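Here's the letter readout for the chains.
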Amino acid sequence: MSKNYVTGFARIGEQRELKKALESYWANKSDVNALEKTANDLKIRHWEYQKNAGIEYISSNDFSFYDNMLDMAVTLGAVPKRFQNLTGHELYFSMARGNKEAVAMEMTKWFNTNYHYIVPELSPEESYKLNAKKIISEYKQAKEYGIKTKINIIGPLTFLGLSKRVDGGDTYELYAKILPIYVELLQEIAKLDDEITVQIDEPIFVKDLDTKVLSLIKPTYDTLANTASNIKIAVVTYFENSCEASKILVHTPIWALGLDFLHGVENFDSLELIATSNKTLIAGVVDGRNIWKNDIEKTVNLLNKISLHVNTKNILVASSCSLLHVPFSLQYEVKMDAEIKSWLSYGREKLDEIALVSKLFFHGKNSLNENEIIALEENIAANSTRKSSKLIHDEEVQKRVKNITKLEREGKYEQRIQIQKEKLQYLPLATTTIGSFPQTAEIRHARREFKNGNLDEKSYTNEMKKYIDDCVTFQEECGLEILVHGEPERNDMVEYFGEQLKGYGFSQNGWVQSYGSRCVKPPFIYGDISRPKAMTVDWITYAQSKTEKIMKGMLTGPVTILNWSFVRDDMPRGEVSKQIALGICDEVDDLQNAGIQIIQVDEAAFKEGYPLREAKIKAYEDWAVRDFKLSVSSAKKETQIHTHMCYSEFNDIIATIEAMDADVISIETARSGNELLKIFAKVGYKQEVGPGVYDIHSPRIPSVEEIVTQIKLLLEVLPKEQLWINPDCGLKTRKWEEVKPSLTNMVQAVRIVRNELSTK
Ligand code: GLN
Ligand code: ZN
């Protein structure tokens, strides 16, 4: 038996079966039995895939109807008051999605992934109570099927660290209430079998921990590991190094430690300690965060290096994290270029890689059977063609990157803004929108038909132009000042650009769970990036030709394009982003040469790329700011550059935002009054700011009065000359019936405020 280990597996299903079953159940189109049958079939199928691939440590309780953090909250009895009258699925899905009486629990990003978890709500009055039903029954189900699983649970320190307290207090103060429930859980688990492995996920250990959390590690794992003599505990971390925690964990009676050697090379420093404490090492060496084929020989070398420290018999070969974060199987990618496909590996393929690596590492080449030898040869060949393929390596691009001389635009902000105000003649509190207007069924349909070849280019273009005409007419009628074309030609702000850039690939079935039943299909960057031709100029200039007012051009920035894609792993991220920046830079130039005077370069996902460790933040900020500036370096002084970011917390990063040097930034502060804007005043932020004056994430139509109040709040913080007035994000998910009155009210509110200011 090869000693290998899979941290966790995707549950949404290779054809997104769980998504479909959930949505049908929520819409009352099918009953609970149908939902449970789908779930059970999926669990069994996924166990079977892993078993057939030759995986030794397979998980139970990695399945979830919605989210594992939510499951853990239910297991611990951490149910917010407003749901306590409910039971079963109704309780569970109400917590996740809300119901008529109660709002849903909050959801937020899981570390630096695009997966979102439900944030548990804890209260000091609550007494917690174990509910181990799901965990127990899933274990039994697997066992009945013939697989003895390890049981995955989220660890107490991560659970507390990611929860929030309803009274605003410190969640770790509730440690003494929560830990006993974990002990009870382990006591229940202990009854299941003679010997049983429990994987306790503690990804919080990869962050910079304060002394309070560090001081809890030893008592926690002394207690948990001493709870039952027949339980082996593996504490698993991922996405970064967990050096500080490892130092403590080796002095507790746990059985094993899981470390990510791909995203946390510093974990190498923990090997000596692991060796002397005789712990088992779960070595994360097959990437669970990316879609590239593993380089088997390289990985075996990595393991050989590890085994210079840790005895081979104490090593398990593992995925770097749960395979939840990669798509399911390459099998359904029937349209993809064969060469590109040969470089990729999704979840099921990664199982085979883990099995092959472990066999090779533990038993040598001679142990491989005929199929395994072929697989190894294919792996070597694919990795070697990838190193030299023309599809990837573009000398022109590389030369251009090497010879960049102009890193930023000309002119200091103070000088530029004067020229711009002179030329563009916009008023204080200028009104605009973030770019997109409602994506109607008609334009979605037209795009789809055009893509499928059922609609010719001319008819397609006409439909889009008709939509643009309507957008322009509406914006003029309602009195907006800086207009947009509405983005009807884009189904997604990254995919639209990716499709037109060389070096970008798209999958047919590369779905990855984002939250609940929602999945995303990130595009992937496989090669050097270039822009064969202008991407947006025709649409934007057409829109400009329809109005005397200023039409704002709309682009997505390099950092966001990067952060929302799977990125090639044979080049540093900062180099890839530089290549994208050059493409955007050319587009900016084409737009301004075509007469476009304001260009917005969206960096919606700028913050998502932030490293988990403080010490690595500066390096990220350095290249992210550099490449944003590079992407607009072609802009003349009089071309006004806007950017937009989809969040509101700028306290930590305000200096970085200022350093990006955009003339105007629009942000998402609508839900926080003027609280979050204060940081801009506090640091003496120079550039102009468009704080969203209403929340577009809800169908609610804001009244004129309410927007007037909001604008006045903003004016308490920043002078009118520095403020723009806009909604807090793009309008593509809203309906026209909501957008029209909302924007009309917004413009009206600005008129009222301007009047008051002028008569003062
Ligand atoms: N320009 C884009 C839009 O309006 C920005 C979207 C975003 O910030 N997520 O849709
Ligand atoms: Zn936004």
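Here's a quick rundown of the structure. Keep in mind the model is a prediction, meaning the values are calculated, not measured. (Residues numbered from 1 in each chain as written. Chains lettered and ligands numbered in written order. Predicted model: local features only at pLDDT ≥ 70, side-chain atom pairs only at ≥ 80, totals over all residues. Heavy atoms only, no water.)

Concerning the overall build of the protein chain
A tally of regular secondary structure across the protein chain gives 27 helices and 25 strands. A compact globule built from 760 residues would reach a C-alpha radius of gyration of about 27 Å, and the protein chain, at 27 Å, matches this within 12%. Counting every position in the protein chain, which comprises 760 residues, the buried fraction comes to 60%. Taking the intrachain contacts of the protein chain between residues at least 6 apart in sequence as the baseline, contacts between residues at least 24 apart amount to 77%. When the accessible surface of the protein chain is split by element, carbon and sulfur atoms take 50% of a total near 30,700 Å². Considering the protein chain, the positive charge centre built from 96 side chains and the negative charge centre built from 108 side chains are found 0 Å apart. (Helix = DSSP H or I, 4+ residues; strand = E, 2+ residues; numbered from the N terminus. Rg over C-alpha atoms; globule rule 2.2 N^0.38 Å. Buried < 20%, exposed > 50% of the residue type's maximum accessible area, 1.4 Å probe, protein only. Contact = heavy atoms within 4.5 Å. Areas by Shrake-Rupley, 256 points an atom, 1.4 Å probe, with all protein chains shown as cover. Lys, Arg positive; Asp, Glu negative; His and termini not counted. Charge placed at Lys NZ, Arg CZ, Asp CG, Glu CD.)

Topic: the site of ligand 1
Neighbouring ligand 1 are 13 residues; S436, E487, D602, H644 and C646 lie closest to it. H644 has a polar side-chain atom sitting 3.1 Å from an oxygen atom of ligand 1. In the complex, 94% of the free accessible area of ligand 1, which totals 300 Å², lies under the protein chains. Tallied by class, residues from the shell around ligand 1 come to six nonpolar, four polar and three charged. (Near = heavy atom within 4 Å. Polar contact = N/O pair within 3.5 Å; in protein donor to acceptor, adjacent residues only side chain to side chain. Nonpolar A, V, L, I, M, F, W, Y, C, P; charged D, E, K, R; others polar.)

Description of the pattern of salt bridges
Counted by the stated rule, this structure contains 50 salt bridges. With a closest N to O distance of 2.8 Å, D167 and R165 form a salt bridge. Residue classification places R165 among the buried residues on the basis of a relative accessible area of 12%. The partner of E675 in a salt bridge is K678, and the shortest N-O contact between them spans 2.9 Å. The network of salt bridges with shared partners includes R386, D528, R568, D569 and D570. (Salt bridge = Lys/Arg side-chain N within 4 Å of Asp/Glu carboxyl O.)

What to know about the coordination of the zinc ion (ligand 2)
When four donors bind a metal tetrahedrally, each ideal donor-metal-donor angle is 109.5 degrees, and when six bind octahedrally, the ideal angles are 90 or 180 degrees. At the metal site, the zinc ion (ligand 2) is ligated by H644 (NE2), C646 (SG) and C729 (SG), and these contacts range over 2.0 to 2.2 Å. In this structure, the zinc ion (ligand 2) is coordinated by four donor atoms arranged in irregular fashion, with angles at the metal of 78 to 124°. Written as a sequence motif, the donor arrangement for the zinc ion (ligand 2) is H-x1-C-x82-C. Taken together, the positions of C646 in the loop between β22 (640-644) and α24 (654-659) and C729 in the loop between β25 (724-725) and α27 (736-759) put the pair 83 residues apart, joining distant regions of the chain. By relative accessible area, C646 is classed as partly exposed at 24%. (Donors = N, O, S within 2.8 Å, 3.2 Å for Na, K, Ca; no water. Tetrahedral: all angles 85-135°; square planar, octahedral: opposite > 155°, others 65-115°.)

Concerning the side chain of E587
Assignment of secondary structure puts E587 in helix α22 (residues 573-593). Setting aside anything within four residues of it in sequence, one finds E587 in contact with R531, K533, A534, M535, T536, V537 and L555.

Remarks on the sheet that holds strand β1 (residues 4-5)
Across the sheet, eight strands lie side by side as β1-β12-β11-β10-β9-β8-β6-β2; this open sheet has parallel pairing. Unpaired on one side and paired on the other, β1 and β2 (59-60) mark the two borders of the sheet. Here strand β9 (residues 231-236) pairs with strand β10 (residues 256-260) via three bridges, running parallel. The residue of β10 that forms the bridge with A234 is A256. (Pairing = 2+ DSSP bridges.)

Describing the packing of helix α2 (residues 32-53) against helix α5 (residues 133-144)
Viewed as axis vectors pointing N to C, α2 and α5 meet at an angle of 55°, and their least axial separation amounts to 11 Å. Judged by the angle between their axes, α2 and α5 are oblique. For α2 against α5, the interelement crossing comes out right-handed. Between α2, through N40, K43, I44 and W47, and α5, the contact on the second element is made entirely by E138, Q141 and A142. Of the residues belonging to the contact of α2 with α5, the class tally is three nonpolar, two polar and two charged. (Axes fitted to C-alpha atoms, helices over the stretch in contact; angles between N-to-C directions. Parallel < 35°, antiparallel > 145°, perpendicular 65-115°, else oblique. Left-handed = near helix turned anticlockwise from the far one by under 90°.)

Observations regarding the environment of D492
When you line up the elements, D492 lands in the loop between β14 (482-483) and α19 (495-498). Engagement of the side chain of D492 in a polar contact is seen with the backbone nitrogen of E495, the distance being 2.9 Å.

Some points on the pairing of strand β11 (residues 280-286)
For β11, a buried count of seven out of seven residues is recorded, marking the element as mostly surrounded by other parts of the structure. Viewed along the sheet, the connection from β10 through helix α10 (residues 271-277) into β11 turns out right-handed. In terms of strand pairing, β11 meets strand β12 (residues 315-319) through five bridges, oriented parallel. Bridge pairing links L281 to I315 in β12. After leaving β11, the chain enters helix α11 (residues 296-306) and then returns to the sheet as β12, a path that is right-handed. (Right-handed = clockwise from strand over helix to strand, strands pointing away.)

Looking at unusual backbone geometry
Despite not being glycine, F239 has its phi angle at roughly 85°, a positive value. Within the secondary structure, F239 sits in the loop between β9 and α9 (243-249). Judged by its relative accessible area of 3%, F239 is buried. A positive phi is found at Q425, a non-glycine position, where the angle reads about 55°. Its location among the elements puts Q425 in the loop between α16 (413-424) and β13 (430-431). For Q425, a relative accessible area of 60% gives the class exposed.

Regarding the nonpolar core
One finds W110, F159, I189 and F205 to be the most contacted residues of the largest nonpolar core, which totals 111 residues. It is helix α7 (residues 175-190) that contributes the most residues to this core, 10 residues altogether. Not counting residues up to four positions away in its chain, the partners in contact with F205 are L157, I217, Y221, V235, T237, N241, S242, A245, L249 and R613. Core analysis: the second largest hydrophobic core is formed by 95 residues, I561, I617, C729 and V750 among them. (Core = buried A, V, L, I, M, F, W, Y, C linked by side-chain atoms within 4.5 Å.)

Section: helix α1 (residues 17-26)
Here α1 has its buried residues at E17, L18, K19, A21, L22 and W26. The elements touched by buried residues of α1 are α2, α4 (88-97) and β17 (518-520). Two residues or fewer after α1 comes N28, characterised by a positive phi angle close to 60°.

Some words on the side chain of N294
Mapped onto the secondary structure, N294 falls in the loop between β11 and α11. Apart from residues lying up to four places away in sequence, N294 is in contact with V285, V286, T299, E353, V357, N379 and N383.

Examining the environment of G54
Within the secondary structure, G54 is located in the loop between α2 and β2. Spatially, the C-alpha atom of G54 lies 47 Å from that of G730, the residues being 676 residues apart in sequence. Among all residues touching G54, those that are not within four sequence positions of it are N4 and A355.

Focus on helix α23 (residues 614-631)
Between the first and last C-alpha of α23 there are 26 Å, a value that for 18 residues agrees with the 26 Å anticipated at 1.5 Å per step. Buried residues of α23: I617, Y620, E621, W623, A624, V625, D627, F628, K629, L630 and S631, and no others. Tucked inside the fold, the buried residues of α23 contact α21 (558-563), α22, β21 (598-602), β22 and α24. (Expected span 1.5 Å × (residues − 1).)

Observations regarding the packing of aromatic side chains
Each aromatic ring pair is specified by the distance between its two centres and by the angle formed by the two planes. Under the definition given, this model contains 35 aromatic pairs. With a centroid separation of 4.8 Å and an interplanar angle of 45°, the aromatic rings of Y426 and W724 are classed as tilted. Separated by 298 residues along the polypeptide, Y426 in the loop between α16 and β13 and W724 in strand β25 bring together distant segments of the chain. Just as Y426 is buried, W724 falls in that class too. Arranged with centres 6.3 Å apart and planes meeting at 55°, the rings of F524 and Y526 form a pair that is tilted. Clustering of aromatic rings is evident, with ring pairs tying together Y25, W26, F63, F65, Y66, Y92 and F93. Of note, R386 hangs over the ring of W292, and the distance from its end group to the ring centre comes to 4.3 Å. A cation over a ring is seen here: K521 above W511, with NZ or CZ 5.3 Å from the ring centre. (Phe/Tyr/Trp six-rings, centres within 6.5 Å; stacked < 30°, edge-to-face > 60°. Lys NZ or Arg CZ within 6 Å of the ring centre and 35° of its normal.)

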